[in-house]
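# Breakdown of the fold
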Amino acid sequence: MNEKKSILKNEGFQAILAALICIVVGLLVGFIVLLIINPAGAWDAIVAIMQNFMTRSSGPARLKNLGNTLVKTSPLLMCALSINFCYKVGLFNIGAAGQYVAGAGMCLYAGLAWKLPWFMCVILAIVAGGLFGTIVGFLKAYCNVNEVISGIMLNWIGLYLVNMLLSGVKEPSSPYTLKLSSVNPGGILPSLGMGAFFAKNKYVTIAIPLSVIIAVVVWVVLNKTKFGYELRATGFNKEAAKYAGMNEKKNIILTLMIGGILAGLGASFFYLSAIEEWSVTQSSVPAMGFNGIAATFLGGLNPIGTIFSSFFIQHITLGGSEIDMSVYPSQISDLISAIIIYLCGFVLFFKLVMNKSGSGKGGHKK
Amino acid sequence: MSEYAIEMLHITKRFPGIIANDDVTIQLRKGEIHALLGENGAGKSTLMSVLFGLYQAEEGVIKKDGKEVKITDPNVANDLGIGMVHQHFKLVQCFSVLDNIILGVETTKNGFLQKDEARKKVMALSDKYGLSVDPDALIEDITVGMQQRTEILKMLYRDNEVLIFDEPTAVLTPQEIDELMIIMKSLAAEGKSILFISHKLNEIMTVADRCSVLRRGKYIGTVDIKGTTQEELSRMMVGRDVQLVAEKAEAQPGEVILEVNNMTVASKAHHNNAVKNVSFKVRAGEIVCIAGIDGNGQTELVYGLTGLEPLASGSIKLCGKEISKDTIRQRSDKMSHIPEDRHKHGLVLDYSLEYNMVLQRYWQPEFVSGLGFLKRGPIRQYAERLIEEFDVRSGQGPITIARSMSGGNQQKAIIARELDKDPKLLVAVQPTRGLDVGAIENIHSQIIAHRDKGNAVLLVSLELEEVMNVSDRILVMYEGEIVGEVDPKKTTTEELGLYMAGAKREKVTA
Ligand SMILES: Nc1ncnc2c1ncn2[C@@H]1O[C@H](COP(=O)(O)OP(=O)(O)OP(=O)(O)O)[C@@H](O)[C@H]1O
Ligand SMILES: [Mg+2]
């Protein structure tokens, strides 16, 4: 009995269990919605969502689709890391969405208008994202402006700035930006032969392994370094951090700057893989940054856990597009994955419940 | 009917690495004040948390009025008429006093709060027991004394009959303690049963009817206060004789270490200066104590010295060097600071004990490599040494999360960390708050030993006993000014009291 309890109290185990519960509940609710809309196709549809690339019949087609899922995982992972990193310091970086937008605008413009090589585009995306983060940090540190408010406002400012900027490099007949592959192939991230492995998926690039490496680096920085020690101390107890002589203003700005860099980098991973173009008429901030919030919580606020949660979220999102559109309206895929992602945010709630039911053992004193 | 209001029989509660309560039995008579005594980490708070439903015991039963009850959470405790004032208060900082009192038991009509009734009841209780509070003040703006009265009113408002006080006096001024003792007695006279935790034997002697003693989780015994002495109680608690007064040699003041000139610090809560034009010196080899009633600018004086608040004007010289513009980190090179509020400043509660032990040193080459990586081995060894030297008790040693440690052991960890820095100037604010008598003895001798190594100590304390026993020189603060300097060997507590109340003052140019 005692043994069992101590497993339940193990933090890592708790995080994983809570995440799994959320996933199951999310799928269940998604399934119920499908049932309500059209009971006949519900089972097939939910299976399609869960299977994603496995719905394809041939091995190479599966691999190719898996490749696409991974390509979309890496930017999401970067946004999740951005939010995760800031969260550990007690900052809620909802501005990751805008930092992502800034990075996207900058790398696309650099690639399309200036025809810079890919690494220059990446660096400029980092600069743009970092700058957006720094603005939020600066306002927080020196004017005590809540990072959520300034973050959200910058999201919109960023969106329209980027729409404006990229209007100069769009297709004449559509709202989409020019194709990198035709204008400046050197602006696309190198694949290092990985594309060949995924059944010649040309979108598979170094972005995928890089983002995983960065996740590990973020974990190491937070948990093993002096810098991480300071940041987490600030997140846990600002007053104690001040008492210990840590420079709070500097740390807030640095944290949001790094958050911005991660999100901006994520944008370059997405747009420089050339899997999609930017639409200069879009009037909502891309969901990547917001889905990063769900990925962060589903990943148990742990950079390593976030790798898996980001993959899962993209897996069901793409799985949604495998639903038979003759049975369901076309919005269904977005709806179902949105429901599941939304429920993933309840991870913390499930953890709380687990802590309580464990007979007060994990109860903290204050 | 049973003669006992509460019986806790054979209670056992385990935490990772430690048995906090090991087969403990206590019986609380109706209408009595029952003291609970034990060293830091003996398991007093844990036992009370079991009674209040915060923890579930693995073994044992609880009886209320002779009937067995299962207290699964604080709401159940509340329904049974059990209320608790916690060692570290649980109030909502940004709520008013009134809102905190009625929180959870609000009366509503059509979904709207009915606060008028509640206000009447609260004010009636407050008058009846002399618990003066301002119902509309926000918690974050009021003194700890008033916060505590709020907590007590919260219990009374819920018509609780069994009242648990976990170290209520640790954060109070002597005057407030006297008031609390009177309140507790009148509550008991009305038939309420009180469990009272304190490390101060004289309080237990004054107010309690009986006292139960715990040692390292085990039940030692229960004694009638009438037939016992402070010495016997402390022997039961520690298992050996304790010296209640620290031994110390004559001070040998040397060169000036700290020189403060015309220091003025603004007040955060009010629109005036909390510290007004204060000047004093502290020399090597002496312990200078700042005495005074809480809220007369001592907190701000320390904030100004340590850099937590900027000075409005004035200068501070440490070892001959002007430091009033220095950062906290720069000052911490030669200065240690045992802060007044261990949870606010002293600890990162969610960090492990070892991480807290290096909070003032983690950047030093001993603990961090050139590439910025923390060195796990040396941090662990360092923490283990301090734990050993200062007898910091916890469930899992260095890896224990600070939040789970007992209040007194949290305090010992901070003292260990600050003393081990071996500072030229030690600024200690209420260093022995919440410590048991044995630990106080130990800390006092450590502070004296630090002085004897040729260092300066600035002690800020509200406890006259500590002030008289430990210091070599006393400066009294009143309304932000130093109104008197006295020699502890030549003064009396009465004279000190006059200075502290502002009834007597002299021009001081230390
Ligand atoms: N939530 C918890 N998790 C793990 N260990 C705990 C927890 N609460 C208490 N302990 C451990 O149980 C022991 C008893 O703690 P408790 O707080 O009851 O002591 P105490 O007698 O109140 O001491 P003090 O006088 O210092 O307040 C301590 O060693 C403490 O580390
Ligand atoms: Mg306690």
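Residues numbered from 1 in each chain as written. Chains lettered and ligands numbered in written order. Predicted model: local features only at pLDDT ≥ 70, side-chain atom pairs only at ≥ 80, totals over all residues. Heavy atoms only, no water.

## What about the packing of aromatic side chains?
- Taken as a whole and assessed by the stated rule, the structure comprises 17 aromatic pairs over all chains.
- Consider the rings of A:Phe138 and A:Tyr142, whose centres lie 4.9 Å apart with planes at 40 degrees: the pair is tilted. Here A:Tyr142 and A:Phe138 lie together in helix α6 (residues 118-143), a separation of 4 residues that amounts to about one turn.
- The interplanar angle of 90 degrees and the centroid separation of 5.2 Å between the aromatic rings of B:Tyr351 and B:Tyr355 together place this pair among those described as edge-to-face.
- When its relative accessible area of 2% is taken as the criterion, B:Tyr351 is described as buried. (Phe/Tyr/Trp six-rings, centres within 6.5 Å; stacked < 30°, edge-to-face > 60°. Helix = DSSP H or I, 4+ residues; strand = E, 2+ residues; numbered from the N terminus. Buried < 20%, exposed > 50% of the residue type's maximum accessible area, 1.4 Å probe, protein only.)

## Quick notes on the coordination of the magnesium ion (ligand 2)
Residues and elements named next belong to chain B.
- With distances of 2.0 to 2.3 Å, the protein atoms coordinating the magnesium ion (ligand 2) are Ser45 (OG) and Gln87 (OE1). With a gap of 42 residues between them, Ser45 in helix α1 (residues 44-51) and Gln87 in the loop between β6 (82-85) and α3 (97-102) connect regions that are remote in the sequence. Pair check on accessibility: Ser45 and Gln87 agree, each one buried. (Donors = N, O, S within 2.8 Å, 3.2 Å for Na, K, Ca; no water.)

## Let's talk about a nonpolar patch on the surface
All names here are of chain A.
- Residues Leu28, Ile32, Leu35, Ile36, Ile37 and Leu335 make up a contiguous nonpolar surface patch of roughly 540 Å² in combined accessible area.
- Counting residues per element, the nonpolar patch draws most heavily on helix α2 (residues 11-37), which supplies 5 residues.
- Tracing the backbone shows Ile32 in helix α2. (Patch = residues over 30% accessible without salt bridge, like charges linked within 9 Å, V, L, I, M, F, W, Y side chains within 5 Å. Areas by Shrake-Rupley, 256 points an atom, 1.4 Å probe, with all protein chains shown as cover. Salt bridge = Lys/Arg side-chain N within 4 Å of Asp/Glu carboxyl O.)

## Some details on the packing of helix α13 (residues 376-390) of chain B against helix α14 (residues 407-420) of chain B
Residues and elements named next belong to chain B.
- As a packed pair, α13 and α14 sit with axes 10 Å apart at the nearest point and diverge in direction by 110 degrees. With respect to each other, α13 and α14 are oriented roughly perpendicular. As α13 packs across α14, the resulting crossing turns out to be right-handed. Mapping the contact onto sequence places Tyr382, Arg385, Leu386, Glu389 and Phe390 in α13 and Lys412, Ala416, Arg417, Leu419 and Asp420 in α14. (Axes fitted to C-alpha atoms, helices over the stretch in contact; angles between N-to-C directions. Parallel < 35°, antiparallel > 145°, perpendicular 65-115°, else oblique. Left-handed = near helix turned anticlockwise from the far one by under 90°. Contact = heavy atoms within 4.5 Å.)

## Regarding the side chain of B:Thr12
Residue and element names in this part refer to chain B.
- Structurally, Thr12 is set in strand β1 (residues 4-15).
- Owing to a relative accessible area of 5%, Thr12 belongs among the buried residues under this scheme.
- In terms of polar contacts, Thr12 uses its side chain to reach the backbone amide nitrogen of Asp23, at 3.1 Å. (Polar contact = N/O pair within 3.5 Å; in protein donor to acceptor, adjacent residues only side chain to side chain.)

## Thoughts on the confidence of the model for chain B
- For chain B, the average pLDDT comes to 90, and 98% of its residues sit at 70 or higher.
- Two summary scores accompany this predicted model of the complex, namely pTM at 0.87 and ipTM at 0.87. (pLDDT = per-residue confidence, 0-100.)

## Some thoughts on the environment of B:Ser461
Residue and element names in this part refer to chain B.
- Considering the arrangement of structural elements, one finds Ser461 in the loop between β20 (456-460) and α16 (464-470).
- Taking the C-alpha atoms as reference, Ser461 lies 39 Å from Leu9; in sequence the two are 452 residues apart.
- Setting aside residues no more than four positions away along its own chain, Ser461 makes contact with Cys289, Ile290, Ala291, Gly292, Gln430, Glu466 and Val467.
- Looking at Ser461, its side chain comes within polar contact range of the main-chain nitrogen of Glu463, at 3.1 Å.

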